[in-house]
Amino acid sequence: MIEGLNKEQLEAVTTTEGPLLVIAGAGSGKTRVLTTRIAYLVSELGIDPSNILAITFTNKAAKEMQERVISLLGSSAYKIQISTFHSFGVSIIRDNYSLLGYKKNFTILDSDDSLLTIKRILKDLGYDPKQYNPKAVRNRISSAKNAMQSPDALSRFNACDFDEKVVEVYRVYQDKLVSNNSLDFDDLLLKPIELFKQNPDVLAEYQERFKYILIDEYQDTNEVQYRLTKMLSQKHKNICVVGDESQSIYAFRGANYRNILNFEKDYKKAKIILLEQNYRSTGNILNAANDVIKNNKQRKDKKLWTKNGIGDKIIYHKALNEKDEALYVTREINKLLGDGANLDDIVILYRANAQSRNVEEALLKESIPYKVIGSFYFYNRKEIKDLLAYLKLIYNSDDDISLLRVINSPKRGIGVKTIESLTSKSNNGHISLFEAIEDGKEKQFKDLILKLKTLVDNCSLTELVEAVLNETGLKKELQDEQSLEAEARLENLEEFKSITKNFEERNGIVSLSEFLEEISLVSDVEEHKDETNVVTLMTMHSAKGLEFKYVFVVGMEEGVFPHSRAFDSNDELEEERRLCYVAITRAKEKLWLVGAKRRVLFGQDNANPVSRFVKEISDEYLEKDEETSLFENRSKKSYNNSIDDTIEYKVGEKVMHTTFGEGIIVSVTNTVINVAFPHPIGIKTIMKGHKSIRKV
DNA sequence: TTTTCAAACCTTTTT
DNA sequence: GGTTTGAAAA
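Residues numbered from 1 in each chain as written. Chains lettered and ligands numbered in written order. Predicted model: local features only at pLDDT ≥ 70, side-chain atom pairs only at ≥ 80, totals over all residues. Heavy atoms only, no water.

Draft legend 1. Inspection of the overall build of chain A at higher detail. Helix and strand content of chain A: 28 helices and 24 strands. The C-alpha atoms of chain A give 27 Å as radius of gyration, which agrees with the globular expectation for 696 residues (26 Å, within 12%). For chain A, the spread of C-alpha atoms along the principal axes amounts to about 75 × 75 × 55 Å. Summing over all exposed atoms, chain A offers an accessible surface of approximately 31200 Å²; the carbon and sulfur share of this is 48%. A gap of 2 Å separates the mean positions of the 99 positive and 106 negative side-chain charges of chain A. (Helix = DSSP H or I, 4+ residues; strand = E, 2+ residues; numbered from the N terminus. Rg over C-alpha atoms; globule rule 2.2 N^0.38 Å. Areas by Shrake-Rupley, 256 points an atom, 1.4 Å probe, with all protein chains shown as cover. Lys, Arg positive; Asp, Glu negative; His and termini not counted. Charge placed at Lys NZ, Arg CZ, Asp CG, Glu CD.)

Here's what the structure looks like:
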């Protein structure tokens with residue numbers, strides 16, 4: 001098990017007692033250390049797996065850690081609590097809901113739901129949403145919660161009129177959540193702390209249970225997470241935190257990388273181990289990363305090194321515009337594929353999700369299969385949100401937010417007037433909107449939900465979803481519409497059923513409560529599908545912890561990356577630089593940094609200078625390629641090869657695709673068409689005039 | 001109550 | 001550039 005570990009790694013694995021800080025540079029075998037340490041605790045020291053708690057930030061990281069521990073320990077690994085901070089929080093709340101004043105069937109609000117709630121509160125209080133931006137209010141409340149400030153505490157600090165209003169909204173918002181028997185993301189961590197403060201005996205039980213605690217990505221912990229782990233580890237003090245302040249990229253979410261720098265102060269006898277040997281990347285890639293990060297003032301001095309070869313130089317390519325930028329990337333990908341590379345080994349990283357569109361269009365043109373991680377396309381669709389709101393309301397009828405979402409969707413003739421009278425009734429009687437319903441059209445709605453409620457314990461999840469679709473009229477509304485867009489929405493609802501089916505198969509028969517919990521904590525539908533052998537597109541933030549042979553970073557321009565919002569703050573610029581460090585160190589073999597001379601942003605043509613991060617890399621490791629005019633000709637040629645832009649398309653026309661077969665066009669944009677193919681293929685986006693389709 | 005159309009708004013990054 | 005929001009008409 002411990003074979004092949006270097007001296008420092010071995011020390012990190014075997015130093016099991018007392019506080020331990022592992023500063024793990026990118027690619028230094030951090031996950032291997034964590035998983036081996038867990039296995040060592042269990043199989044060498046005979047620690048009961050249920051006494052171990054391992055916490056990560058993302059679902060992806062938790063899943064990977066669990067898989068690796070299972071491969072080391074077998075099925076006993078299932079008894080180890082490996083989870084994200086948020087799902088760990090939910091499990092504590094679930095086990096102690098009544099002590100916290102919640103009912104068993106609490107629901108979790110996503111950030112859209114909390115925004116809607118805040119909008120309604122602002123309106124109720126008579127404030128102009130133009131003067132008090134709801135998003136700003138939500139962010140302010142969220143950061144207060146992440147800093148563990150109650151409305152009272154916040155009111156003591158408030159300096160301006162805006163803050164005063166925030167405090168007011170904050171109070172109403174918290175009351176509303178409690179009366180709705182629901183929690184937002186921040187509550188998932190705050191409530192456990194509240195619980196432990198008020199019930200020392202409960203805390204003592206958890207402290208006793210989790211004798212060994214491991215925290216991954218410690219540099220990304222915020223105040224709440226920091227306090228929570230400190231409370232839990234107070235008794236046994238066997239806490240091992242792993243992190244790298246150079247990779248702290250979540251300050252906007254309240255993360256405080258000083259938590260890692262202060263670890264030695266918090267735990268007086270803490271041992272510190274530095275992992276600086278990198279096993280992932282070539283010498284050139286590491287040197288470039290070091291060149292960039294050394295421009296940050298606030299950091300622990302360390303330098304990654306490797307025994308790997310020097311490798312290829314990093315390529316910086318400046319394209320003419322954002323279209324050429326994307327085309328350049330596809331051309332390089334095609335070259336790689338020609339040399340026998342796998343699509344799985346290729347990733348394209350960008351600063352903001354909105355940047356994916358150009359790249360996607362180019363990939364479509366070249367018929368290169370890809371997947372986009374972390375863009376909430378699926379769960380953000382109206383029909384899916386409606387369906388989920390129905391499920392939430394069935395599960396927790398006090399959830400006013402979900403009720404308001406679906407009470408008149410599909411249309412039942414229940415309008416503003418009815419809602420107003422229900423709201424005042426619910427306010428006066430301190431009951432939920434659902435309970436306030438007594439008669440009228442809304443009574444029919446109430447009966448419908450009550451009827452569906454009886455199904456929860458008597459049928460499978462998929463059957464319940466089917467019943468909701470049929471009984472609420474959600475399906476009928478779309479079928480009656482007879483439009484192709486409605487057809488696409490129906491397809492999405494079908495897709496949702498395959499998600500519930502998948503969930504059932506994975507976990508056996510599952511309850512509505514477990515399903516809702518997972519859906520609220522897993523933002524990305526891709527985690528349910530396994531699309532393999534495709535190019536991956538994602539933000540640099542989502543890429544943390546991952547590695548790829550070939551990495552493309554696009555948008556290397558001032559204003560795009562570093563983002564213009566960071567210009568006026570040195571702290572934020574340092575955070576952007578850390579993000580750049582994360583992006584560079586994802587690459588194992590080859591790295592491309594790509595930017596555009598001109599770029600259309602907000603419909604405006606901008607000419608941004610090259611990103612300062614490119615300039616920070618010494619020419620020793622960098623190969624600059626600015627044959628922009630040449631490339632323009634080449635790109636035109638390749639464009640003409642596969643695209644015939646003379647063909648006109650109309651919605652409703654039939655087309656034949658070389659692999660998907662016959663389909664119907666459901667929508668047409670300037671560059672692409674969306675085509676509905678028979679189940680299970682579904683809706684596909686295809687370039688206009690692409691050689692793979694022809695009209696029939 | 002629902003539909004429609006023009007104006008406003010927007011773009012960090014995520015559990 | 002693209003979507004969401006608001007006011008006015010149906």
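Back to the text.
Draft legend 2. Broad picture of unusual backbone geometry. Between Phe561 and the following residue, Pro562, the backbone shows a cis peptide bond with an omega angle of 5°. You can see Pro562 is positioned in the loop between strand E15 (548-553) and helix H26 (570-584). Unlike most non-glycine residues, Lys237 shows phi in positive territory, near 55°. Structurally, Lys237 is set in the loop between helix H11 (223-233) and strand E7 (239-243).

Draft legend 3. Structural detail: the packing of helix H5 (residues 111-124) against helix H8 (residues 161-179). Where H5 contacts H8, the axes come no closer than 10 Å and their chain directions differ by 120°. By the criterion of interaxial angle, the relationship of H5 to H8 is oblique. The handedness of the crossing between H5 and H8 is right-handed. Contacts between H5 and H8 involve Ser114, Thr117, Ile118, Ile121 and Leu122 from the former and Val169, Val172, Tyr173 and Lys176 from the latter. Residue composition of the contact of H5 with H8, grouped by class: 6 nonpolar, 2 polar and 1 charged. (Axes fitted to C-alpha atoms, helices over the stretch in contact; angles between N-to-C directions. Parallel < 35°, antiparallel > 145°, perpendicular 65-115°, else oblique. Left-handed = near helix turned anticlockwise from the far one by under 90°. Contact = heavy atoms within 4.5 Å. Nonpolar A, V, L, I, M, F, W, Y, C, P; charged D, E, K, R; others polar.)

Draft legend 4. Seen up close, helix H22 (residues 461-471). Taken residue by residue, H22 has Leu461, Thr462, Leu464, Val465, Ala467, Val468 and Leu469 as its buried positions. At its buried positions, H22 is contacted by helix H17 (382-395), helix H21 (441-453), helix H23 (474-481), helix H24 (484-507) and helix H25 (512-521). Just beyond H22, the residue with positive phi is Gly473, at close to 85°. (Buried < 20%, exposed > 50% of the residue type's maximum accessible area, 1.4 Å probe, protein only.)

Draft legend 5. Geometry of the pairing of E15. When you tally the buried positions in E15, you get 5 out of 6 residues, the bulk of the element. Summarising the sheet, E15 and strand E16 (residues 587-596) pair through 5 bridges and their orientation is parallel. Paired with Tyr550 across the two strands is Lys590, which belongs to E16. You can see the chain leave E15, run along H26 and come back into E16, and the turn it takes is right-handed. (Pairing = 2+ DSSP bridges. Right-handed = clockwise from strand over helix to strand, strands pointing away.)

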